[in-house]
Amino acid sequence: MSPTASPPRFFGLDTHRLRETFAQAWAELRDGPILDWFTPAVRVRWSRHGGMLELWFASRGQLLRDKTKASRITAPFAAIEVPDTIVLRRHTMLPPLAPAAAAQAMALDATTHSPFPPDELVWGARSTPSSQRRGWQDVEIVLASRRLIQQHLAEQPDAATLENSEAWCLSEKAAEPIVLAGFAEPRRLRAQRRGRNLNLVFMAGALALLVAIAITPSLQLRARALAAMQDYERLARQAAPAL
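Residues numbered from 1 in each chain as written. Predicted model: local features only at pLDDT ≥ 70, side-chain atom pairs only at ≥ 80, totals over all residues. Heavy atoms only, no water.

(A) Examining the overall build of the protein chain more closely. Counting its regular elements, the protein chain contains 5 helices and 11 strands. For the protein chain, the residues scored as buried account for 29% of the 243 residues in total. Within the protein chain, contacts between residues at least 6 apart in sequence are counted, and of these 60% link residues at least 24 apart. Here the protein chain displays about 16,400 Å² of accessible surface, and carbon together with sulfur accounts for 60% of that area. (Helix = DSSP H or I, 4+ residues; strand = E, 2+ residues; numbered from the N terminus. Buried < 20%, exposed > 50% of the residue type's maximum accessible area, 1.4 Å probe, protein only. Contact = heavy atoms within 4.5 Å. Areas by Shrake-Rupley, 256 points an atom, 1.4 Å probe, with all protein chains shown as cover.)

(B) Fine view of the pairing of strand 5 (residues 62–66). Of the strand pairs in this sheet, strand 4 (residues 53–59) and strand 5 are connected by 5 bridges, and their pairing is antiparallel. Looking at strand 5, one finds that Ala58 is bridged to Leu63. Between strand 4 and strand 5, which pair antiparallel one after the other, the connecting turn spans 2 residues, and Arg60 there sits at a positive phi close to 55°. (Pairing = 2+ DSSP bridges.)

(C) Summary view of the pattern of salt bridges. Applying the stated criterion across every chain, the model contains 11 salt bridges. Put simply, Glu54 and Arg65 hold a salt bridge, and the shortest N to O gap is 3.8 Å. Pair noted here: Glu54 is in strand 4 and Arg65 is in strand 5, with a separation of 11 residues, a long-range link. Given the relative accessible area of 40%, Arg65 is considered partly exposed. When salt bridges with common partners are traced through the structure, they connect Arg48, Glu54, Arg65 and Glu81 into a single cluster. (Salt bridge = Lys/Arg side-chain N within 4 Å of Asp/Glu carboxyl O.)

(D) Expanded view of the sheet that holds strand 5. Strand order in the open sheet made by the 6 strands is 5-4-3-6-10-11, with mixed pairing throughout. Of all the strands in the sheet, the pair left with one neighbour each is strand 5 and strand 11 (177–180). Neighbour-to-neighbour, the strand axes of the sheet open up by a mean angle of 40°, direction not taken into account. (Axes fitted to C-alpha atoms, helices over the stretch in contact; angles between N-to-C directions.)

(E) Structural view of the environment of Glu172. Following the sequence through the fold, Glu172 ends up in the loop between strand 10 (165–170) and strand 11. Judged by its relative accessible area of 53%, Glu172 is exposed. Sequence-wise, Glu172 and Glu140 are 32 residues apart; in three dimensions their C-alpha atoms are separated by 8.2 Å. In this structure, Glu172 is in contact with Arg89, His91 and Glu140, ignoring residues within four places of it in sequence. At a separation of 2.9 Å, a polar atom in the side chain of Glu172 contacts the side chain of His91. (Polar contact = N/O pair within 3.5 Å; in protein donor to acceptor, adjacent residues only side chain to side chain.)

(F) Examining the side chain of Ser171 more closely. Considering the arrangement of structural elements, one finds Ser171 in the loop between strand 10 and strand 11. A distance of 2.6 Å separates a polar atom in the side chain of Ser171 from a polar atom in the side chain of Glu140. Separated by 3.2 Å, the side chain of Ser171 and the backbone nitrogen of Lys173 make a polar contact. For Ser171, the residues in contact, after removing those within four places along its chain, are Arg89, Arg126, Glu140, Glu176 and Ile178.

(G) Representation of a nonpolar patch on the surface within the structure. Side chains of Met203, Leu207, Leu209, Leu210 and Ile213 sit close together on the surface and give an oily, nonpolar patch of about 500 Å² of accessible area. Relative to the elements of secondary structure, Ile213 occurs in helix 5 (residues 185–239). A residue is classified by how much of its surface remains accessible, and Ile213, at 53% relative accessible area, is exposed. (Patch = residues over 30% accessible without salt bridge, like charges linked within 9 Å, V, L, I, M, F, W, Y side chains within 5 Å.)

(H) Spotlight on the sheet that holds strand 9 (residues 137–145). In spatial order, the strands read 7-9-8; together these 3 strands make up an open sheet with antiparallel pairing. Where the open sheet ends on each side, the last strands, each with one partner, are strand 7 (87–94) and strand 8 (121–129). Averaged over all adjacent pairs, the angle separating strand axes in this sheet is 20°, with direction ignored. Relative to strand 9, strand 8 runs antiparallel, the two being bridged by 9 bridges. If you follow Thr128 over to strand 9, its bridge partner there is Asp138. Sheet strands touched by helix 3 (residues 99–112): strand 7, strand 8 and strand 9. Its angle to strand 8, the strand with the most contacts, is close to 130°. Sheet strands in contact with helix 4 (residues 146–154) are strand 8 and strand 9, and its direction is about 70° off that of strand 9.

(I) Looking closely at a positive patch on the surface. Residues Arg187, Arg190, Arg193 and Arg194 make up a contiguous surface patch of positive charge. Considering the arrangement of structural elements, one finds Arg187 in helix 5. With relative accessibility at 31%, the residue Arg187 sits in the partly exposed group. (Lys, Arg positive; Asp, Glu negative; His and termini not counted. Charge placed at Lys NZ, Arg CZ, Asp CG, Glu CD.)

Here it is as structure tokens:
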């Protein structure tokens, strides 16, 4: 029997587990509040029932209402409202969890309680601090069938733009939408990631410039001191024969 291969190690540490730890830490940093500050807000035009249009800001993982009249502003992204008649809702609570773990728990809840086939399920969720348990989250989960949503979207007057539209559903607990994943929202998220990366590059350049400005006087003083020492040594060598 061949011996069991031991996992590769680096200074006694399991490299597989080390990579998983770094990957989880990076995921939490990427989805955490620190990098959210560098993510630009973008406008989304939401087509509601009855032909009403609303503008919303997608900012720092949240959707915020823009009071500007939608008819006067051109938004780079679009969403269409999914009616309550074709969605199911669940309300649950989650204990204090890291963002990545909370997302996994919501996904598990959605797939476990979905009456739709896995390849047809689309879902979205909204979480708010619980008023009953400190540190817990009240979670509203919306479940829907991709086929039914596509049928509804195809019946809209601007059906030609469906491939570029997100699917949003109004929350029961707040007057704000819940994004149903699996439609055109990756395009918006990619644009926001590009903007965040550009902002981080600008921030790094600004910090490098500030550091350069801060250390320039010290470097100049050091250069002057070295030049003075070299001048003194040169004069000492020239005066040595006369002494």
